[in-house]
Amino acid sequence: MARRVLVIGLDGATFDLLMPWIEAGELPALKELLEHGYYGYLRSTIPMFTPTAWSSFMTGMNPGRHGITGFIIYDRRGRPRVASSLNRRGDEIWIILSRHGKQVIVINVPMTYPPKPVNGILISGFPAPSHGFAYPPELEPWLKRKGYRIQPGVEYEPGREDHFISEVRAVTRKRAEVALELMSSRPWDFFMVVFTGTDDLQHALWRFLDERHPLHEPSRAPKYKRELLSYYKKVDEIIGRMVAEAGPDAYTIVMSDHGFGPLYKFIHVNVWLMLCGLLKLKNRFSTRLKALLYSLGLTPENIYYLMSRLHLASIRQKLGRERGHELLSKLFLSTDDVDWERSLAFSLGSMGQIYINRRRVRGLKAYFRLRRYIANLLRELRDPETGERVVERVFFKEQIYRGPLMYRMPDVIFLPKPGYISFEEYEFASNKVFSLSRSISGTHRPYGVLIISHPGLKGPVELRPPPRMEDIAPTILKLMGVPVPREMDGRPLLRGEGPS
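Participant: Explanation requested: the overall build of the protein chain in the structure shown.
Facilitator: Broken down by element type, the protein chain carries 17 helices and 21 strands. For 500 residues, the compact-globule formula gives about 23 Å, and the C-alpha radius of gyration of the protein chain, at 23 Å, lands near that figure. Dimensions of the protein chain, computed from C-alpha atoms along their principal axes, come out at roughly 65 × 55 × 45 Å. Buried positions account for 57% of the 500 residues belonging to the protein chain.

In structure tokens:
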């Protein structure tokens, strides 16, 4: 039987926080959902990154099929541009449902700009501009009158936590108002909304949760622990209202795209590749001048830290990713300064993915030999302050990806140990291999959360082994009586009223 399905995304939510709060009775709506359903750690994609994970959720495909590995894609010259829904291969679940006559309402799912036509409503999520983000287009003036915003108007700056929290709360409040009004006034079979404030606040406030964090402030920690819990309690209240509005026949899915944990240090992969002799810079005056200033500490990371101290960090948000990157590349080292004729490997995009320069490395034997060499070097990469190895696992692309877009995938991928993450915002952000994270103190982990609930189910029942992001779309299609496309990598988790 076809059913209504309500999906609530909590970007970056982790059971490390949720379970103790649920058990303490702080989150009654989530507790009720658990008592009538299945739950499990939801295995994110590699990289465990918002655009990649949500793209795998919405297509049921691994990145080797849908092609998205980050917010930024690069042209053949290495020039960046913001990835969009048009760069993703495969049909999103709301497109499939629309094709089968189901009415859909989709709000704030990342990587849905520009909005594609659906049988219903689609309001794009980050990254999206402040215009042209809604389908049908006539919905946009109404959203603006309601005060709807896609993201906070400011970036987080250490020392201005209260201002940032206030902004996140305001965005969440308006998103909930719009979602509930559309739920009650428009017909729907599939309804989805993503709240990204969970991710925003955890990036900013994790140092107050972790007593071992180098930026931990014991005197301020109790206040911001309460603030984070207070935000989750507000979201829990919203979840309760949405579940009630959906009615007793609806299935409810609560999920996150990845987990969360502390961030102590960034790894700057291109700096490491230069030190290993695998990445070379051009021998021209402008590049030599940039390299000199770079060696003296004039780096994007240090400039951004200074801007944060002066409460000017939100300038970056106003510029946007493409314009911001263009400006940085004029002042600092960038891919334009890489000598591609002499470089063997480079890192572009999210979380330190390493690409072999196939123009320089010819022949499969040389390609495989270089990959093994890089993998062995990564396994020996150590934090100079502690002497400890920092890489947990190293993969070659065929071990984790498959599909027609394998040529877009990085050749070597590594997962750092907890507390470390490779820097993804800019390819030459620092002049050091390791740098202390002075802006954000929390980052992504491989396992998010999943709850599948219905009043007729008895729970909590744990789903094992942990399901994958790719499994959620086919599960929803199965619940709604819609055939699962053969090109999906995922498989339905439920058959009737039990896990497959």
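Participant: I tried to follow the sheet that holds strand E5 (residues 104–109) on my own but got confused; where do I start?
Facilitator: Backbone hydrogen bonds are what pair the strands of a sheet, in a parallel or an antiparallel way. Taken together, the nine strands give an open sheet; going across it, the order is E7-E6-E5-E8-E1-E9-E18-E2-E19, and neighbouring strands pair in mixed fashion. Because the sheet does not close on itself, it has two edges, and the strands there are strand E7 (134–135) and strand E19 (461–462). With four bridges joining them, E5 and strand E8 (residues 190–195) adopt parallel strand pairing. From the neighbouring strand, Ile105 faces E8, where its bridge partner is Phe191. This element, helix H7 (residues 161–185), spans strand E1 (5–10), E5, strand E6 (120–124) and E8 of the sheet and lies at about 175° to E8.

Participant: Which parts of the structure should I look at to understand the pattern of salt bridges?
Facilitator: Side chains carrying opposite charge are able to pair once their charged atoms draw close together. Within this structure, the stated rule accounts for 30 salt bridges. Here Glu217 ties to Arg220 by a salt bridge, and the two come within 3.0 Å at their closest N and O atoms. Linking Asp339 and Arg342 is a salt bridge whose minimum nitrogen-to-oxygen distance equals 2.9 Å. We classify Asp339 as buried; its relative accessible area is 16%. Residue Arg342 is classed as partly exposed on the basis of its relative accessible area, which comes to 40%. In this structure, a network of salt bridges that share partners links the residues Glu161, Arg207, Glu217 and Arg220.

Participant: Would you mind showing me how to read the nonpolar core here?
Facilitator: A general tendency of soluble globular proteins is for nonpolar side chains to be buried together. Ile123, Phe191 and Met242 are the most contacted members of the largest nonpolar core, which totals 63 residues. Per element, the largest residue contribution to this core is eleven residues, and it comes from helix H9 (residues 221–246). Once you skip the residues sitting within four places of it in the chain, Phe191 turns out to touch Val5, Leu6, Val7, Ile105, Ile107, Ala179, Leu182, Met183 and Met242. Formed by 50 residues, the second largest nonpolar core is a distinct cluster that contains Met48, Leu273, Phe414 and Tyr426.

Participant: How do you make sense of unusual backbone geometry when you look at a structure like this?
Facilitator: The phi torsion of most residues other than glycine is negative, and most of the peptide bonds are trans. Across the junction of Gly459 and Pro460, the peptide omega takes the value -5°, indicating a cis bond. Along the chain, the position of Pro460 falls in the loop between strand E18 (447–453) and E19. If you check the backbone angles, Asn108 has positive phi at about 65° while not being a glycine. By secondary structure assignment, the location of Asn108 is in strand E5. For Asn108, a relative accessible area of 1% corresponds to the buried category.

Participant: What's the story with the pairing of strand E9 (residues 251–255) in this structure? I'm lost.
Facilitator: It is a general feature of regular strands that their side chains alternate between the two faces of the sheet. Burial of E9 is extensive: five of the five residues sit out of reach of the surface. Both faces of E9 are covered, namely the face carrying Tyr251, Ile253 and Met255 and the face carrying Thr252 and Val254. In terms of strand pairing, E1 meets E9 through five bridges, oriented parallel. Across the sheet, residue Val5 finds its bridge partner in E9, namely Tyr251.

Participant: Teacher, can you tell me more about the packing of aromatic side chains here?
Facilitator: Aromatic rings considered in pairs are described by the distance between their centres and by the relative angle of their planes. The tally for this structure, following the rule as stated, stands at 17 aromatic pairs. Where Trp54 meets Phe57, the ring centres are 5.7 Å apart and the plane angle is 90°; that geometry is what we call edge-to-face. Taken together, the residues Trp54 and Phe57, both in helix H3 (residues 50–59) and three residues apart, mark about one turn of the helix. Its relative accessible area of 0% is what places Phe57 among the buried residues. Consider the rings of Phe346 and Tyr355, whose centres lie 6.0 Å apart with planes at 15°: the pair is stacked. On the basis of relative accessible area, Phe346 is assigned to the buried category, the value being 13%. Each member of the aromatic cluster is reached from another via a ring pair, and the members are Phe15, Tyr39 and Tyr41. The aromatic ring of Trp188 is capped on one face by Arg4, whose charged end is 3.8 Å from the ring centroid. Just above the ring of Tyr367 sits the side chain of Arg358; from NZ or CZ to the centre is 4.2 Å.

Participant: Can you help me understand helix H1 (residues 15–23) in this one?
Facilitator: It helps to recall that an α-helix has 3.6 residues per turn; residues three or four apart then point in one direction. Those residues of H1 not exposed but buried are Phe15, Leu17, Leu18, Met19, Trp21 and Ile22. Of the surrounding secondary structure, the elements contacted by the buried residues of H1 are helix H2 (28–35), strand E2 (37–43), helix H8 (197–209), H9 and E18. Where H1 starts, the residue carrying a side-chain oxygen 3.0 Å from the main-chain nitrogen of Asp16 turns out to be Thr14. One or two positions beyond H1, positive phi appears at Gly25, with a value near 80°.

Participant: Explain the packing of H2 against H9 to me, please; I cannot follow it from the model alone.
Facilitator: Between two packed helices, both the angle of their axes relative to each other and the distance between the axes serve to describe the pair. Packing of H2 against H9 brings their axes to within 7 Å, and their N-to-C directions diverge by 50°. Judged by the inter-axis angle, H2 sits oblique to H9. Within the contact between the two elements, H2 uses Pro28, Ala29, Leu30 and Leu33 and H9 uses Asp236, Ile239, Gly240 and Val243.

So, how was this worked out
- Residues numbered from 1 in each chain as written.
- Predicted model: local features only at pLDDT ≥ 70, side-chain atom pairs only at ≥ 80, totals over all residues.
- Heavy atoms only, no water.
- Helix = DSSP H or I, 4+ residues; strand = E, 2+ residues; numbered from the N terminus.
- Rg over C-alpha atoms; globule rule 2.2 N^0.38 Å.
- Buried < 20%, exposed > 50% of the residue type's maximum accessible area, 1.4 Å probe, protein only.
- Pairing = 2+ DSSP bridges.
- Contact = heavy atoms within 4.5 Å.
- Axes fitted to C-alpha atoms, helices over the stretch in contact; angles between N-to-C directions.
- Salt bridge = Lys/Arg side-chain N within 4 Å of Asp/Glu carboxyl O.
- Core = buried A, V, L, I, M, F, W, Y, C linked by side-chain atoms within 4.5 Å.
- Phe/Tyr/Trp six-rings, centres within 6.5 Å; stacked < 30°, edge-to-face > 60°.
- Lys NZ or Arg CZ within 6 Å of the ring centre and 35° of its normal.
- Polar contact = N/O pair within 3.5 Å; in protein donor to acceptor, adjacent residues only side chain to side chain.
- Parallel < 35°, antiparallel > 145°, perpendicular 65-115°, else oblique.

Geometry only, nothing functional implied.
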